[in-house]
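Examining the three-dimensional arrangement
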Amino acid sequence: STMDAATADAAGLGTSYPNYDEDEALFALFLREHTILTTVTNDDDVDADSSDNEETFLEPTAEGKQLLRRTSCFPPHLQRIKNRHPYTPHQNTFIIEVPLSELAAWDAVRGMELAQRAIKNGMRYQELFCRVVDSILGGMEVTTDGTAGGLSGGAGARDSIDVLLEQRRAQQDARMAEQAENANNRMGGEDSNGPLGGGGLENDAANMGATAGNNGSATEDLPPLLMRRYELRILPLRRPGIFPPFNRQYRADGYGAKTLDGGVAAAPSSAEGAVEGVSLRQIRSRSMGHLVTLRGMIVRSSDVKPACTVATYTCDACGCEIYQVVQNKREFMPQRICPVEDCRKVSKGGDTLHLQTRGSKFVKFQELKLQELPSQVPMGHVPRSMSIHCRGELTRQVSPGDVVTIDGVFLPQRVAESGYRAMKAGLVATTFLEAQNIVVHKKSYDDSASSYLSEEEKAKLDEEIRVIATGDDPVGMLSTAIAPEIFGHEDIKRALLLMLVGGCTRKLPDGMRIRGDINICLMGDPGVAKSQLLKHVASIAPRGVYTTGKGSSGVGLTAAITKDVTTGELALEGGALVLADRGICAIDEFDKMDEADRTAIHEVMEQQTVSVAKAGIVATLNARAAVLAAANPLYGRYNRRKSLSENVNLPNSLLSRFDLMFLILDVADVDRDMALARHVTFVHQNEGVDSTKDPVDAVPIEEDDEDEDIGFGAGTDQTQENDQ
């Protein structure tokens, strides 16, 4: 009634508030009625399923190649949760995804309005959806047949929560029997204000959460959050689901639908029709509480630690159990005094409650640090960063150096609840993102390309690969696709292709490890497109990091000791070489680095590890990266009158760690310069070059008899071309 009055007052002022009761009923209707298209493997299974389920029918595709079946979406999945029948043997937690695009597809008017309200108030509607799921699961019965995902004999996998629940039920029954004996000596209404019928449930948030689907059983006396064995995630519009039942869903656009293989990421944001992630700079105060999508790079990840969501207390005087819901909080004030009136009289206000770790509920918690991509940072600005809170099965999904797109709820947070930090911060608050979904980009060549293509696109890609593999020069055809706007450098592009592919890392029986990555050094005159090659290779590599020598220190390249914001402990934070693990680290202006910083790369280039012994932390980090360095000669340009060792200002111990070293010279030649000029003009006229065709009908150039590798730059790198 209070909500109705508030809604009426708001309507009189021209402001309308959502009716959460109607939204709960609408979402419950969506869970029961929504259907999806799934692919059918063989006709025999189709006939069997069709005879068992009358709502199942076939829908042929437009191509006529696949048979589709429209099946119920959520009820079979919820029945599995009720039966505790996991999809994989090692699955402990069920995932319930609520794609808002499916909500809009179910009802274009009411569903879209509910989706828009869920986007604007993410955390409130996530709890609202969880209450609806709890009520539906409370009305289900455990099935014993194998077709519905039931367990044999109806006996589910018992865990610690079940054992504690049985003990609590026994204690409640004994306490209720004792209270019934003393009912004649007490007032009738005192029991309702006491331990709530002997349940010991004294938390207001738990009472509010237990109202939905209350069937009068002892189980509902516990907070619903304590009994949930699932995680509910809200996915934004145009973000498809990947977990059951959406892993077998047929989509006409061909992205997102994959067989679940133990926690793969959702469809990449680059797919056609998928939601695009925005930069951190575009998130403003108007997005507070909204479901947003961010894109950036993970630069730091904390350890996975347990976070308390429901605190359980036991009273020493009366034996009641008190529950306190502390979900999504960093700090909370523990309960000290038992709320039962009889217990207060006996203990005279003393502290009788003790926290029971065994009866409380903990979830996995990990904090990530998301930083803007270099392409998102305006000129002259510093990259911004934001904390990402991951809970449950979203932990351990990413590692530092991954480029990700994260869907989550943008929320404020106090710097500290109490103590010196809170006093120093004053009224200043920070912001963080409560993660709902994580998409990892460029994890490997397979995941970044072929995993999210449709069947037609995969067939076309396989045919193109077959054509290249059966050609006369496969390596040459692939190397021409590396920076096609840069003229020449055929041998260098072949070497860069081999570095991208990598060799075989061998581990001998005695434990010795021989690296398979190739280290390349490009040294030559200015303006021969060394930096362009480095940036292009770093952009197409699955994990590429680009840095410059003068702007990098030894600590920034290897590892640094930082203080963890959450716990205050000292922790290791990887540098550029650690972030480029199993990738490529491109270092420009290699000759401008200080000698002390350059020695930190020696271990990485040969042993491919970073050993740290600082501040009591002794650790060895993996840095299995291929180093691609670019440097200028000692005198700016290569002096032919001096020897190679006099031109190259690098120590021999470092040169020996480079497997390939290219010396690129800028030689004055009329025919070469004319071909270069034609290429540059063609690139500027056509805004690019097709990597499979030769855009310039250049004059045939005979091979030079010199031993040096001659190369030319592209575009703006030729401004100093031929002063004579």
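All values derive from a computational prediction rather than experimental measurement.

Below, the discussion takes up the overall build of the protein. The helix and strand inventory of the protein stands at 25 helices and 25 strands. Here the protein holds 724 residues, and 44% of them are scored as buried. If you take every contact in the protein between residues at least 6 apart in sequence, the share linking residues at least 24 apart comes to 70%. Surface summary for the protein: the accessible area is close to 38100 Å², and the carbon and sulfur share equals 51%.

Here we come to the packing of helix α4 (residues 74–83) against helix α7 (residues 122–138). Contact geometry for α4 and α7: axes closest at 10 Å, N-to-C directions at 70°. Overall, the two elements α4 and α7 adopt an arrangement that is roughly perpendicular. Judged by the sense of rotation from one axis to the other, the crossing of α4 with α7 is right-handed. Along the contact surface, α4 presents L78, I81 and K82, while α7 presents V133, I136 and L137.

Moving on, we get to the side chain of R515. Along the polypeptide, R515 turns up in the loop between β15 (513–514) and β16 (520–524). Reaching out from R515, the side chain makes a polar contact with the backbone oxygen of D517 at a distance of 2.6 Å. Setting aside its immediate chain neighbours within four residues, R515 contacts C504, T505, M605, E606, Q608, R657 and D659.

Put simply, P244 and P245 share a cis peptide bond, and its omega is 5°. With a phi angle near 65°, R238 is a residue other than glycine that sits in the positive phi range. Tracing the sequence through the fold places R238 in the loop between β5 (230–235) and β6 (291–301). For R238, a relative accessible area of 46% translates into the label partly exposed. Unusually for a residue other than glycine, H489 sits at a positive phi of about 60°.

With that settled, the discussion passes to the packing of aromatic side chains. What describes a pair of aromatic rings is the distance from one ring centre to the other and the angle between the planes of the rings. Tallying each qualifying case throughout the model produces eight aromatic pairs. Geometrically, the ring pair formed by F74 and F246 is edge-to-face, given 5.9 Å between the ring centres and 75° between the ring planes. Residue F74 is found in helix α4, and its partner F246 is found in the loop between β5 and β6; the two are separated by 172 residues along the sequence. Each member of the pair F74 and F246 is classed as buried. Taken together through their ring pairs, the aromatic side chains of Y20, F27, F30, F74, W106, Y125, F129 and F246 make up a single cluster. Over the ring of Y20 we find R124, and its NZ or CZ is 3.9 Å from the ring centre. Geometry around F590 places R598 over its ring, the cationic atom sitting 6.0 Å from the centre.

Attention now goes to the pairing of strand β10 (residues 361–371). Relative to β10, β6 runs antiparallel, the two being bridged by four bridges. Looking across to β10, one finds that I298 is bridged to L370. As paired elements, β10 and strand β11 (residues 385–391) share seven bridges and run antiparallel to each other. Within β11, the position partnered with F365 by the bridge is R391.

What follows concerns helix α8 (residues 160–181). Along its 22 residues, α8 runs 32 Å from first to last C-alpha, staying within 8% of the 32 Å computed at 1.5 Å per residue. Taken as a whole, α8 has its buried residues at D162, L164, L165, R168, Q172, R175 and Q179. End-on, the buried residues of α8 take up no more than an arc of 150°, which puts them together on one face.

Next up on the list: helix α18 (residues 530–540). Those residues of α18 that sit buried are K530, L533, L534, V537 and A538. Viewed along the axis of α18, the buried residues span an arc of 125°, placing them on a single side of the element. Each element contacted by the buried residues of α18 is listed here: α17 (490–501), β16, β17 (544–548), β20 (584–588), β23 (626–631) and β24 (660–665).

It is worth spelling out the nonpolar core at this point. In this structure, F27, L100, F129, V133, Y230 and L232 are the most contacted members of the largest nonpolar core, which totals 40 residues. For this core, the secondary-structure elements that each account for two or more residues are α2 (20–33), α4, β4 (94–99), α5 (100–106), α6 (110–120), α7, β5 and β12 (403–414). Counting residues per element, this core draws most heavily on α7, at nine residues.

To continue, consider the packing of α6 against α7. Put simply, α6 and α7 touch, their axes get as near as 5 Å, and they point 120° apart. With respect to their mutual orientation, α6 and α7 come out oblique. Residues L114, R117, A118, I119 and K120 of α6 lie in contact with α7, whose contacting residues are G122, Y125 and F129.

What follows concerns the pattern of salt bridges. Under the criterion given, the structure shown has 18 salt bridges. Among the ionic pairs, E127 bridges to R228, the shortest N-O distance being 3.2 Å. Taken together, the residues span a long stretch of sequence, with E127 in helix α7 and R228 in the loop between α11 (224–227) and β5 at a distance of 101 residues. Residue R228 is classed as buried on the basis of its relative accessible area of 8%. Here D591 ties to K592 by a salt bridge, and the two come within 3.1 Å at their closest N and O atoms. In this structure D591 comes out as buried when scored by relative accessible area, which is 15%.

If you trace the backbone, C315 turns up in strand β7 (residues 305–315). On the basis of relative accessible area, C315 is assigned to the buried category, the value being 3%. Each C-alpha atom, one on C315 and one on L355, is 9.2 Å from the other, the two residues being 40 residues apart in sequence. In this structure C315 touches C320, C338, C343, T352 and L353, once residues within four positions along its chain are discounted.

On to the environment of R286. Mapped onto the elements of the fold, R286 is located in the loop between β5 and β6. For R286, a relative accessible area of 64% corresponds to the exposed category. Here the alpha-carbon distance between R286 and K120, two residues 166 residues apart in the chain, equals 9.7 Å.

Glancing now at the confidence of the model for the protein. Close inspection of predicted coordinates is inappropriate for parts of the model with low pLDDT. Scored by pLDDT, the protein comes out at a mean of 76, with 75% of its residues at no less than 70. Across residues 43–56, confidence stays below pLDDT 50; counting only partners more than four residues off in sequence or on other chains, it has 10 contacts. Here residues 147–155 scores under 50 on pLDDT; set against residues more than four positions off or in separate chains, the count is 20 contacts.

Another aspect to go through is a nonpolar patch on the surface. A cluster of nonpolar side chains, namely L508, M512 and I514, defines an oily patch on the protein surface of about 250 Å² accessible area. Looking at the secondary structure, you find I514 in strand β15. Of the residues examined, I514 reaches a relative accessible area of 41% and is grouped as partly exposed.

Where burial is concerned, most of strand β13 (residues 429–441) is hidden: 10 out of the 13 residues are buried. Of the pairings in the sheet, the one linking β11 to β13 comprises three bridges and is parallel in character. Counted as the bridge partner of I388 is L433 from β13. Looking at chain direction, β12 and β13 are connected through 12 bridges and run antiparallel. Opposite V409, over in β13, you have E434 as the bridge partner.

Cut-offs and rules
- Residues numbered from 1 in each chain as written.
- Predicted model: local features only at pLDDT ≥ 70, side-chain atom pairs only at ≥ 80, totals over all residues.
- Heavy atoms only, no water.
- Helix = DSSP H or I, 4+ residues; strand = E, 2+ residues; numbered from the N terminus.
- Buried < 20%, exposed > 50% of the residue type's maximum accessible area, 1.4 Å probe, protein only.
- Contact = heavy atoms within 4.5 Å.
- Areas by Shrake-Rupley, 256 points an atom, 1.4 Å probe, with all protein chains shown as cover.
- Axes fitted to C-alpha atoms, helices over the stretch in contact; angles between N-to-C directions.
- Parallel < 35°, antiparallel > 145°, perpendicular 65-115°, else oblique.
- Left-handed = near helix turned anticlockwise from the far one by under 90°.
- Polar contact = N/O pair within 3.5 Å; in protein donor to acceptor, adjacent residues only side chain to side chain.
- Phe/Tyr/Trp six-rings, centres within 6.5 Å; stacked < 30°, edge-to-face > 60°.
- Lys NZ or Arg CZ within 6 Å of the ring centre and 35° of its normal.
- Pairing = 2+ DSSP bridges.
- Expected span 1.5 Å × (residues − 1).
- Arc of directions from axis to C-beta.
- Core = buried A, V, L, I, M, F, W, Y, C linked by side-chain atoms within 4.5 Å.
- Salt bridge = Lys/Arg side-chain N within 4 Å of Asp/Glu carboxyl O.
- pLDDT = per-residue confidence, 0-100.
- Patch = residues over 30% accessible without salt bridge, like charges linked within 9 Å, V, L, I, M, F, W, Y side chains within 5 Å.

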